Amino acid sequence: MRTDSPQTIYRKDYTPPSYLVETVELGFDLDPARTIVANRVTLRHNPDSKSRDIVLHGEDIELVALRLNGTELNPGQYILGAHTLTIKAAPLNAVLEIETTCVPQDNTTLSGLYVSNGSFYTQCEAEGFRRITYFPDRPDVMAKYTVMLRADKEKYPVLLSNGNLVEEGDLPDGRHYAKWEDPFKKPSYLFALVAARLVCQEETYTLQSGREVLLQVWVEDGNLDKTDYAMQSLKNSIRWDEERWGLELDLDRFMIVAVGDFNMGAMENKGLNIFNTKFVLANPSTATDVDFAGIEAVVGHEYFHNWTGNRVTCRDWFQLSLKEGLTVFRDQEFSADMIGTASGRAVTRIDQVRTLRQAQFPEDAGPMAHPVRPDSFVEINNFYTVTVYEKGAEVVRMYQTLLGREAFRKGMDLYFARHDEQAVTCDDFRAAMASASGRNLDQFERWYSQAGTPVVTASTSYDAEGQAYELTLAQRCPPTPGQPTKLPFHIPVAVGLLGADGFDLALNLEGETTVVLELTQAQQTFRFEGIREAPTPSLLRDFSAPVILEYPYTDDELVHLFRHDSDPVNRWEAGQRLAMTRLLKLTAAVQQGAELELDYGFIAAQRALLLDDGLDAAFREQALILPSESVVADQMDVVDPRAIHTARQFMRKTIATVLRAELLNAYAANETPGPYSPDAISAGKRGLKNLALAYLCAAPDTHIVELARRQFEGATNMTDRAAALVSLIHSGADAEQALRSFYEQFEHEALVVDKWFAIQANAPTTDVARVRELMQHPAFTLKTPNRARSLLFSFCNGNPAQFHAPDGSGYEFWAEHVIKLNALNPQVAARFARTMDRWRRYDPALQAHMRAALEKVAGAQKLSNDVLEVVSKALS
Ligand code: 0A1
Ligand code: ZN
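Residues numbered from 1 in each chain as written. Chains lettered and ligands numbered in written order. Predicted model: local features only at pLDDT ≥ 70, side-chain atom pairs only at ≥ 80, totals over all residues.

Draft legend 1. Spatial organisation of the overall build of the protein chain. On a plain count of helices and strands, the protein chain comes out with 27 helices and 32 strands. Viewed in the frame of its principal axes, the protein chain has a C-alpha envelope of about 85 × 65 × 60 Å. Residues counted as buried form 49% of the 876 residues belonging to the protein chain. (Helix = DSSP H or I, 4+ residues; strand = E, 2+ residues; numbered from the N terminus. Buried ≥ 20, exposed ≤ 12 C-beta atoms within 10 Å, placed from the backbone.)

See below:
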């Protein structure tokens, strides 16, 4: 067990930097074994600070020389701590010249300067710049950067950094150089360099203003057949940001670089976005519809950061959601606008609700729960969470819902007008929204400061004589770590009322059919007049707030909503509620060894929806997907993963058996002949077709298995091929040959090999022993995060019935590999460690095994702060 306990950093302790940086001139002599970094920084004392000490951060780097205003400092004139370099009582104006070295080839953390497949890349957010040079590595220090890169020309023909290329040329000894200048002030976390053997797809693009910009997508040789969609998405993003928000690209050049070893999805470095290959490379034969949609969203996300994050950045890392929540909201709106239709929009919204329920609500209810703007952390990298990102996006969306689109846009404009080139806080954003709209948003602040998912309980009464309908809403929020009690939130609740004929009733004299109620107190009653019949309430339309809504719906009401609600999100929601009550009942029946039964009423509602040709295929697909095993688990006091799995499988099998003819029809009717296109209509058809196949394979016979095999062998795109392989495996038929041929066909496509591992990790028959076998495959490595995720994360998070084996072997496997990953890459290890967050919700026998596994990790040697924070919060 380690003795030095890691330091907790508190938001309340923020102090302004003692010195501000005006310019940074960086010189790199790139060598994988010993890179020399020369850094010349011009500093000026910050009048807002009382301290005259210059504090620079540094980690895993070797100091070679240090000069202050031209004079060499000897070790007595500065203090070199474990992670800082301090110069006491410094002059008001200081030029520091710092020479350091680092070893990129040994950097397996993928933070700072590292090597991937023989080339150099950087990742500086959140605190990676200090692994490159000594610097005040905090986002409120913004400076202008000039960068000189020198490297072997043969090995690293491409030298890139932020901003504009101002000079390049050859050097002696086969080396060459490139000099880059970024015209905009930026925090150090947005610095980037790439020195690599790459090729690019490029294009000049004309902005609405008429200005021309150069767009490039850089990839390894052999991948130029997979860059079109990223380039198209980039152009769409640029256009959309101009049209929807009046925001123009401020650079003459914008580059995207794809790298195979990357901790996250992508990074918004100014003018030089660095991407996980997963979110760049795609063509029809290697990528699925989901992959294409992911590329569009992530390319958009990183591009939109150029304004929300880069031009206006965060004062400190507690404000992370200022840029992330806002930018996720922007990428969500971008993806929705790219589809264009109302039902297409709804499908993207349903996906967002799914993510919240699947990942964010559990986080809010677990040991790592934190507000959208956290109050403390041990390791900031642990706070790139679904709460900061997705719940943060919901918070931004609620402003728009409360203020209306027009006032929200005014608020955005004011935010940029006030804060361009500044490092600001979530409060500054809220203040801009309040000023622009004239609304009091004081109470709205609680969405930033209080953790936990609010529960809104609704009750209704109808007065037939007075033709009035009353809706009473009450709210509460469960305690979370460090926050035992909560104050009421300001919650927008969008409401509609359906008549018996399925149509919306008018809710007021203007004839509106949806109104946004503002719940601000613990309990409030809202009254609707002129309501001619007892209606069915459609509550929280479009999921107007990230809350859990409780209302004692009857099955009949839910079926009515499932058939008729004009709000597609609530239509879907009604189906999920119907399915959930059945899944819970079936799970209880499994536990009691009782007979399993599914009522025909439910299947009939599913049938009607499947046959409703008036609905988009994509929507029908969404409506027919049953709540996932983990969402069902969240509804149980004591989670029984195996019983849930059995219950859900029974339900799928019953639906497949009763609706066999309809599913076969849907399968045939949603073929997408002709060349592949990732557009939403075609993707929706493939989605419904492949969902039909998946259902059919839950009750397979030789004909069905043959159907899956034929699709697998004849597929002309990866969506159909991968879906057929999954269905084949889940049908229980022999899939060995298919798996082998899939691997042989794609063994040189790393992203497809990832799928090959993930599909097997999620297979119902894959147990720990099988995962260990797969780890022996020559293509497996723990060092590439994508590969580790494809097998280990997929199994431990995506195959609960096997992971939670009663003998605890899954947990032992987990502990062993958290420890292994910790030695290589603490960030990835800490993410993997979160698998066990909610261990207290299982039965005592499983809990005992889980505790042992957690304690094993907590007691391991050389544990990173990243992992330590996660496991100690889980155990506390
Ligand atoms: N800002 C990026 C996400 C990101 C965060 C941290 C990273 O390394 C620790 C890398 C990327 C985004 O939101 O896309
Ligand atoms: Zn982001």
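Here the narrative resumes, following the displayed structure.
Draft legend 2. Inspection of the site of ligand 1 at higher detail. In the neighbourhood of ligand 1, 16 residues make up the surrounding shell, with Glu-125, Asn-263, Met-264, Met-267 and Tyr-384 lying closest. For the shell around ligand 1, the secondary structure elements donating two or more residues are β21 (266-267) and α2 (289-305). Its residues placed into classes, the shell around ligand 1 shows 5 nonpolar, 7 polar and 4 charged. (Near = placed C-beta within 6 Å. Nonpolar A, V, L, I, M, F, W, Y, C, P; charged D, E, K, R; others polar.)

Draft legend 3. Geometry of the packing of helix α26 (residues 844-858) against helix α27 (residues 865-875). Between α26 and α27, the shortest axis-to-axis distance is 9 Å and the interhelical angle comes to 145°. Where α26 crosses over α27, the handedness of that crossing is left-handed. From α26, Leu-854, Val-857 and Ala-858 reach across to α27, where they touch Val-867, Val-871, Ser-872, Ala-874 and Leu-875. (Axes fitted to C-alpha atoms, helices over the stretch in contact; angles between N-to-C directions. Left-handed = near helix turned anticlockwise from the far one by under 90°. Contact = placed C-beta atoms within 7 Å.)

Draft legend 4. Inspection of α2 at higher detail. Its 17 residues give α2 an end-to-end C-alpha distance of 25 Å, which sits within 8% of 24 Å, the value for a rise of 1.5 Å per residue. For α2, a buried count of 14 out of 17 residues is recorded, marking the element as mostly surrounded by other parts of the structure. (Expected span 1.5 Å × (residues − 1).)

Draft legend 5. Inspection of the sheet that holds strand β28 (residues 491-498) at higher detail. Strand order in this open sheet of 3 strands is β29-β28-β31, and the pairing throughout is antiparallel. A single partner strand is all that each edge strand has here, and the edge strands are β29 (515-519) and β31 (536-539). If you compare each strand with its neighbour and ignore which way they point, the axes differ by 35° on average. One ladder, built from 5 bridges, connects β28 with β29; its direction is antiparallel. (Pairing = 2+ DSSP bridges.)

Draft legend 6. Spotlight on the environment of Ala-474. Tracing the sequence through the fold places Ala-474 in strand β27 (residues 468-476). For Ala-474, a count of 17 C-beta atoms within 10 Å corresponds to the partly exposed category. Here the alpha-carbon distance between Ala-474 and Ile-295, two residues 179 residues apart in the chain, equals 40 Å. Beyond its immediate sequence surroundings of up to four residues, Ala-474 is in contact with Thr-457, Ala-522 and Gln-523.

Draft legend 7. A look at the sheet that holds strand β10 (residues 112-116). As summarised here, the arrangement of the 4 strands in space is β10-β11-β17-β13, forming an open sheet in which the pairing is antiparallel. Only two strands of the sheet have a single partner each, and these edge strands are β10 and β13 (158-161). Adjacent strand axes in the sheet meet at a mean angle of 20° when their direction is disregarded. Where strand β11 (residues 119-123) lies against strand β17 (residues 193-196), 2 bridges are found, and the strand directions are antiparallel. Along β17, the bridge assignment pairs Phe-120 with Ala-195.

Draft legend 8. Structural detail: the UniProt feature "domain: Peptidase M1 membrane alanine aminopeptidase" (unreviewed entry) in the protein chain. According to UniProt, the feature "domain: Peptidase M1 membrane alanine aminopeptidase" (unreviewed entry) maps to residues 229-447 in the numbering used here. Along residues 229-447 one finds 57% helix and 9% strand; the C-alpha atoms at either end are 36 Å apart. (UniProt positions renumbered as here; feature names shortened; annotations may be inferred.)

Draft legend 9. Spatial organisation of helix α17 (residues 702-714). In a regular helix each residue adds 1.5 Å, so 13 residues correspond to 18 Å; α17 covers 18 Å between its end C-alpha atoms and thus fits that length. Turning to α17, the residues buried within the fold contact α16 (680-696), α18 (718-731) and α19 (736-746).

Draft legend 10. Representation of the packing of α17 against α18. Interhelical geometry of α17 versus α18 gives an angle of 150° and a closest axis separation of 8 Å. In this view, α17 runs roughly antiparallel relative to α18, as classed from their interaxial angle. Pair α17 / α18 crosses with left-handed handedness. Taking contact as the criterion, the partners of Ile-704, Val-705, Ala-708, Arg-709, Gln-711 and Phe-712 in α17 are, on α18, Asp-720, Arg-721, Ala-724, Leu-725, Ser-727, Leu-728 and Ser-731. For the contact of α17 with α18, a count of residues per class yields 7 nonpolar, 3 polar and 3 charged. (Parallel < 35°, antiparallel > 145°, perpendicular 65-115°, else oblique.)

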